[in-house]
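Single-letter residue listing:
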There are 2 protein chains.
Amino acid sequence: MGRWEPNARGRLEQAAMELFIERGFEQTTVAEIAGRAGLTERTFFRHFADKREVLFWGQDALRELLVSGVAAAPESAAPIDAVAAALEAAGAVLQERREYARRRQAVIAADTGLRERELIKLASLASALADALRRRGVTDPAASLTAEAGIAVFKIAFERWVSGTGQPDLPQLIRESLGELRAVTAGG
Amino acid sequence: MGRWEPNARGRLEQAAMELFIERGFEQTTVAEIAGRAGLTERTFFRHFADKREVLFWGQDALRELLVSGVAAAPESAAPIDAVAAALEAAGAVLQERREYARRRQAVIAADTGLRERELIKLASLASALADALRRRGVTDPAASLTAEAGIAVFKIAFERWVSGTGQPDLPQLIRESLGELRAVTAGG
């Protein structure tokens, strides 16, 4: 499988993001990404199934963070508090890559197909959260509603975070957005 | 453009739904739909852009119902109550076509691409609701959060309605699901 390229993955990701921003996602080819990174197409395909995966490979890790966060919440925690703890823990991890998240969001916002893929990712995260709640004994419709509410909070906190100055940080914006959701659903 | 076919649209829709259920969405061709309806492909394409549109043409009407429902709510109504009124009004219209909705849901559940399209439809409805709230002077993030919460309620009420016996009716399930959302976000 050729020699091991130290950090090839990181170089490919950076080259891809630069090209997506300069030319747009559709207009960028894998050959160009590999060329910009000083690597071959073959090396690209050892790391990513296609150019879209450069933007979505983190989805599995995010799902795992959310699911393990819900599982780790104290037994006594209400479902919404278990979800909030999981979202804040994931938010703290994402916080470390704000500049990457900001650029990724710009690429996605510019392409209809990527915006749709991002919606499907969020729905898949909601589904994973609902499953994690069911494993805590939460019944439906509470499990689905809590999961959907959590993802709505996450989506809106994330949008505020990437479009803002970086302060407040993402975990804080998640807490604030959940507070806002409570206020609006109460009819305040 | 040929002679006017009374009820051609309804016949095409019925033929398409039958075939989608019998063979699956992917395996059904426009030629087969037209044949089953006793019409030509040309007539099909006067009514629908493609076979997927048979399942999604109602989206614009649903969006209009939701947007006009929010606009018509009393000035004093809280945002969530304006959204709830709009959802219940739309629910009352959908209630009249429960058997169609049930079959449509079965077709969509069986096809990944259609499930994704349905998620995108729901996101577009959330976006339209948020815009309608902003036109009432609701600021963000309250407008987005209220709209997302409303669509989560609608989605879950709809799933309960199509998978259940038809009782309670959809407007009632929307009210119940909103009550559940209030309970779960309150941390109860």
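All values reported here derive from a predicted model rather than from experimental measurement.

Cut-offs applied
Residues numbered from 1 in each chain as written. Chains lettered and ligands numbered in written order. Predicted model: local features only at pLDDT ≥ 70, side-chain atom pairs only at ≥ 80, totals over all residues. Heavy atoms only, no water. Contact = heavy atoms within 4.5 Å. Buried area = accessible area lost by both parts, 1.4 Å probe. Salt bridge = Lys/Arg side-chain N within 4 Å of Asp/Glu carboxyl O. Polar contact = N/O pair within 3.5 Å; in protein donor to acceptor, adjacent residues only side chain to side chain. 1 Å grid on protein atoms, 1.4 Å probe; cavity = no way out; pocket = protein on both sides within 12 Å on 5 of 7 lines; lining within 4 Å. Points joined across faces, edges and corners; volume = space filled by probe spheres on them. Helix = DSSP H or I, 4+ residues; strand = E, 2+ residues; numbered from the N terminus. Nonpolar A, V, L, I, M, F, W, Y, C, P; charged D, E, K, R; others polar. Least-squares fit on C-alpha atoms with pLDDT ≥ 70 in both. Phe/Tyr/Trp six-rings, centres within 6.5 Å; stacked < 30°, edge-to-face > 60°. Buried < 20%, exposed > 50% of the residue type's maximum accessible area, 1.4 Å probe, protein only. Lys NZ or Arg CZ within 6 Å of the ring centre and 35° of its normal.

This part covers the interface of chain A and chain B. Of the residues lining the interface, 29 residues belong to chain A; the matching set on chain B comes to 29 residues. For the pairing of chain A and chain B, the buried interface totals around 2500 Å² over both sides, and the portion due to carbon and sulfur atoms is 73%. If you sort the residues of chain A by the area they bury against chain B, Leu145(A), Ile156(A) and Thr185(A) come out on top, with a joint share of 25%. Applying the counting rule to chain A against chain B returns 4 salt bridges. Glu116(A) is paired through a salt bridge with Arg117(B); the nearest N and O atoms lie 3.5 Å apart. In this assembly, chain A and chain B are joined by 7 residue pairs in polar contact (both at pLDDT 80 or more).

This model, assessed by the stated rule, comprises 1 cavity of 30 Å³ or more. Estimated volume of the largest cavity: approximately 290 Å³. Together, 16 residues line the largest cavity, and Ala123(A), Glu148(A), Ile151(A), Glu148(B) and Lys155(B) are the ones closest to its centre. Elements supplying a minimum of two residues to the lining of the largest cavity: helix 8 (112-135) and helix 9 (142-163) of chain A together with helix 8 (112-135) and helix 9 (142-163) of chain B. Tallied by class, residues from the lining of the largest cavity come to 12 nonpolar, no polar and 4 charged.

Let's shift gears to the pattern of salt bridges. If you walk through the whole model with that rule in mind, you get 30 salt bridges over all chains. A salt bridge links Arg175(A) to Glu88(A), with the nearest nitrogen and oxygen atoms 2.6 Å apart. With Arg175(A) in helix 10 (residues 170-185) and Glu88(A) in helix 6 (residues 79-95), this residue pair connects regions lying 87 residues apart in the sequence. Residues Arg160(B) and Glu176(B) are paired through a salt bridge, measuring 3.7 Å at the closest nitrogen-oxygen approach. Here the residue Arg160(B) occupies a position in helix 9, and Glu176(B) occupies one in helix 10 (residues 170-185), the gap between them amounting to 16 residues. A single network of salt bridges, built from pairs that share partners, joins Glu18(A), Glu22(A) and Arg36(A).

With that out of the way, let us pick up the relation of the copies chain A and chain B. Mapping chain A onto chain B calls for a screw motion: a turn of 180 degrees about the axis and a shift of 0.0 Å along it, with 0.0 Å RMSD after fitting. Read as a symmetry element, the transformation amounts to a two-fold axis. Distance from the rotation axis, computed per C-alpha, reaches its smallest value in chain A at Ala149(A): 3.2 Å. A symmetric contact is evident, with 100% of the interface residues of chain A recurring at the interface of chain B.

Here the focus is the packing of aromatic side chains. Taken as a whole, this structure holds 10 aromatic pairs over all chains when the rule is applied. Pairing Phe44(B) with Phe45(B) gives two aromatic rings, centres 5.3 Å apart and planes at 85 degrees, and the pair type is edge-to-face. Assessed through its relative accessible area of 0%, Phe44(B) is described here as buried. Judged by relative accessible area, Phe45(B) falls into the partly exposed class, the value being 44%. On the basis of an interplanar angle of 40 degrees and a centroid distance of 5.5 Å, the ring pair of Phe44(B) and Phe48(B) is categorised as tilted. Neither residue differs from the other here; Phe44(B) and Phe48(B) are each classed as buried. Site record: aromatic cluster; members linked through ring pairs are Phe44(A), Phe45(A) and Phe48(A). Geometry around Phe25(B) places Lys51(B) over its ring, the cationic atom sitting 4.5 Å from the centre. Positioned over the ring face of Tyr100(B) is Arg97(B), at 4.1 Å from the centre of the ring.

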